[in-house]
Amino acid sequence: MKIAIAQLAHETNTFSNVPTTVKLFKNWEWDHNERIIERHLGVDDYVGGMIDKCNQLGIEIAPTFSAFTGPSGMITKETYETLEKELITSIQNAGEVDGICLALHGAGVAEGMDDLEGSLLKALRKSIGYEIPIVVTLDLHANLTDIMVQEANALLGVNFYPHTDSHDRGREAIGLLEQIIQGEMEPVIHLEKLPLIIPTSTTYASPAKEINEQCWEWEKEQGVVDCTFFHGFPYTDIPDVGVSVITITNGNSSLAEKVGKEVAKTIWDKREEFRPDLPTPEEGIQQALAKPGFPIVINETSDNPGGGTPGDGTFLLKAMVEANAPKTCFGFIYDPEVAELAHQAGVGSYIEVELGGKTDLLHGQPLSLRVYVKSLSDGQFFQSSPMWRGIKVNLGKSARLQTGNVDILVCSVRAQTFDEQVFLLHGMDVKEYKIVALKSSQHFRAAFQSIAKEIITVDSPGLSTCDFSSFDYKRINRPIFPLDSVHDYKKQTSEV
Ligand SMILES: [Zn+2]
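Everything numeric in this text was worked out from a predicted model, so none of it was measured.

A. Focus on the overall build of the protein. The helix and strand tally for the protein stands at 15 helices and 19 strands. The C-alpha atoms of the protein give 22 Å as radius of gyration, which agrees with the globular expectation for 496 residues (23 Å, within 12%). Projected onto its principal axes, the C-alpha positions of the protein cover 65 × 50 × 40 Å. Nonlocal contacts in the protein, meaning residues at least 24 apart in sequence, comprise 75% of its contacts between residues at least 6 apart.

Quick look at the structure:
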């Protein structure tokens, strides 16, 4: 048995002013053939899981094309066309295969194309037809569409946020594909979409935790292959945005529909619980200083580069510099200009900088600071978080700058902080700080939950704020909760 493996993943924040180009993909990952195996073998991610399971089952792998970049703005038309061509050509070049396993995201948007994944799957079907099964892994933040459901044999989403189970889903996708190829499984997919957008919500806690538990109860039922609660990606102004439930059964469409509607009803009943009341950066710092013990981790959810934001927002950093509390650090802010300045000046020098706030006007002004250059690095390390453990990270030229009591890390690639590696790279032990501030919404929890004495999430204006009323949505399907009051959905689900 021979299976073609490919990855093409992007989470598109359509409110961002940073267009997503081939260059951005090439900065992260743009691999063909054996290079894909080299990069992902032994790594805890989707492709790593696929490789692992193929090797376990003795399946021949045809690695084809893998492109990934961190979340950013709209994918340009030209970039989409290049991506589609690379994917289709690479799969064609693999020769005869029994099945195709794709790691997609589910929240990709290109210019003039709302449904990146649906469009890719359609193009792939046009090329290979409907005889060869295609199984797809998706991010929990996928905005699901009918086209994705029609064109794929199965769609498997991660269950956890942080996405610590991407390796498991990769393995599961290959297992399912093998069963389909052997004729032992005929997946039927039901997509249940809700008129609901929710802010980033960890599955470590209520209400997402309970909803997952309900999904897993259903998976124990005879004939139910998978049941997944997709949170959707709310920072995308497309009609199909929002929460959904995918249920897969072995040939039983009415069971798939029943399960999907049951879970959707639970989500709908809990919709008010997905509305956190978060402190401002200033309030968060005061709360942290009032608490005993350390480290207290403060995460700036409103400027989470993992949700396509600039990563150079200054609201939390400004509040920290002003508070000037002992033993505080910020890791990290995106500013390649300042990182370059620090590298030119060298360790041990003082420099005047205008730090951050350069991408747009939403995330705060640049901070005028005189800083001491404590250390410099190339920004490269291997991720140690249980999420995507082993993947090589390259944040480019990086620097540890000090002003007053605050240690500030500056890097040259927009990315969220997953674990303590970027701090270690600059000689900093996060366990020794009173406050450890970082930019991430939930993924940091996979590594920091066990380190932090407590976690305080702060919100402010930003492209990943939890305050949806600050976005100028023009194209999403209305009504949608919580922007509108929606009455009909409950009635519809309660009839099942
Ligand atoms: Zn996600």
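B. Geometry of the coordination of the zinc ion. Looking at the zinc ion, the protein donor atoms are Asp139 (OD), Asp139 (OD), His141 (ND1) and His163 (NE2), and they sit 2.1 to 2.7 Å from it. Classification of the site at the zinc ion as irregular follows from its four donor atoms and the range of 52 to 143° in their angles at the metal. Read N to C, the donor residues that coordinate the zinc ion are spaced as D-x1-H-x21-H. Separated by 22 residues along the polypeptide, histidine 141 in the loop between β5 (134–138) and α6 (146–151) and histidine 163 in the loop between β6 (154–157) and α7 (166–181) bring together distant segments of the chain. Take histidine 163: its relative accessible area is 1%, and that puts it in the buried class.

C. Structural context of the environment of aspartate 44. Following the sequence through the fold, aspartate 44 ends up in the loop between α2 (34–40) and α3 (46–57). Spatially, the C-alpha atom of aspartate 44 lies 41 Å from that of glutamate 352, the residues being 308 residues apart in sequence. In this structure aspartate 44 touches Ser166, His167, Pro386, Met387, Trp388 and Arg389, once residues within four positions along its chain are discounted.

D. Main features of the sheet that holds strand β17 (residues 406–411). Taking strand neighbours across the sheet as the criterion, the eight strands line up as β12-β13-β16-β17-β11-β18-β10-β19 in an open arrangement whose pairing is mixed. Of all strands in the sheet, those bounded by a partner on one side alone are β12 (350–355) and β19 (454–458). In this sheet, adjacent strand axes meet at a mean angle of 30° when their direction is disregarded. Where helix α12 (residues 336–345) meets the sheet, its contacts fall on β11 (328–334), β12, β13 (367–377), β16 (398–403) and β17, and the angle it forms with β12 comes to roughly 175°.

E. Highlighting the sheet that holds strand β8 (residues 224–230). Strand order in the open sheet formed by three strands is β7-β9-β8, and the pairing between neighbours is antiparallel. At either end of the open sheet lies a strand with only one pairing partner, and these are β7 (187–193) and β8. Each strand of the sheet is rotated relative to its neighbour by a mean of 10°, with strand direction disregarded. One ladder, built from six bridges, connects β8 with strand β9 (residues 244–250); its direction is antiparallel.

F. Examining the packing of aromatic side chains more closely. Tallied over the entire structure, the rule returns 17 aromatic pairs. Here the aromatic rings of phenylalanine 229 and phenylalanine 274 are separated by 6.3 Å at their centres, their planes lie at 65°, and the arrangement is edge-to-face. Residue phenylalanine 229 is located in strand β8, and its partner phenylalanine 274 is located in the loop between α9 (253–269) and α10 (281–290); the two are separated by 45 residues in the primary sequence. Judged by relative accessible area, which is 1%, phenylalanine 229 ranks as buried. According to the relative accessible area criterion, phenylalanine 274 is buried, its value standing at 4%. Relative to phenylalanine 418, the ring of tryptophan 388 lies with its centre 5.5 Å away and its plane at 40°, an arrangement referred to as tilted. Taken as a pair, tryptophan 388 in the loop between β14 (380–382) and β15 (392–394) and phenylalanine 418 in the loop between β17 and α13 (421–424) lie far apart in primary sequence, 30 residues in all. For the pair tryptophan 388 and phenylalanine 418, one class covers both residues: buried. Each residue in the set Phe15, Phe233, Tyr235, Phe468, Phe471 and Tyr473 is aromatic and connected to the rest through ring pairs, giving one cluster. Across the ring face of tryptophan 268, the terminal group of arginine 271 is positioned such that the distance to the ring centre comes to 4.2 Å.

G. Up close: the domain arrangement of the protein. Split by domain assignment, the protein resolves into domain 1 (2–274) and domain 2 (281–465). For domain 1 and domain 2, the distance between their C-alpha centres works out to 31 Å. Taken residue by residue, the interface counts 26 residues in domain 1 and 25 residues in domain 2. In this assembly, domain 1 packs against domain 2 so that about 2000 Å² is buried in total across both faces, 60% of it on carbon and sulfur atoms. Looking at the side of domain 1 facing domain 2, the largest losses of area belong to Asp44, Tyr204 and Tyr235, adding up to 21% of the total buried there. For arginine 389, the salt bridge identified is with aspartate 44, shortest N-O distance 3.5 Å.

H. Just α7, in detail. Spanning 16 residues, α7 covers 23 Å between terminal C-alpha atoms, matching the ideal 22 Å at 1.5 Å per step. For α7, the complete set of buried residues consists of Ser166, His167, Arg169, Gly170, Ala173, Ile174, Gly175, Leu176, Leu177, Glu178 and Ile180. Looking one or two residues beyond α7, the residue adopting positive phi is glycine 183, at roughly 80°.

Cut-offs used in this document
Residues numbered from 1 in each chain as written. Predicted model: local features only at pLDDT ≥ 70, side-chain atom pairs only at ≥ 80, totals over all residues. Heavy atoms only, no water. Helix = DSSP H or I, 4+ residues; strand = E, 2+ residues; numbered from the N terminus. Rg over C-alpha atoms; globule rule 2.2 N^0.38 Å. Contact = heavy atoms within 4.5 Å. Donors = N, O, S within 2.8 Å, 3.2 Å for Na, K, Ca; no water. Tetrahedral: all angles 85-135°; square planar, octahedral: opposite > 155°, others 65-115°. Buried < 20%, exposed > 50% of the residue type's maximum accessible area, 1.4 Å probe, protein only. Pairing = 2+ DSSP bridges. Axes fitted to C-alpha atoms, helices over the stretch in contact; angles between N-to-C directions. Phe/Tyr/Trp six-rings, centres within 6.5 Å; stacked < 30°, edge-to-face > 60°. Lys NZ or Arg CZ within 6 Å of the ring centre and 35° of its normal. Domains from an automatic or database assignment. Buried area = accessible area lost by both parts, 1.4 Å probe. Salt bridge = Lys/Arg side-chain N within 4 Å of Asp/Glu carboxyl O. Expected span 1.5 Å × (residues − 1).

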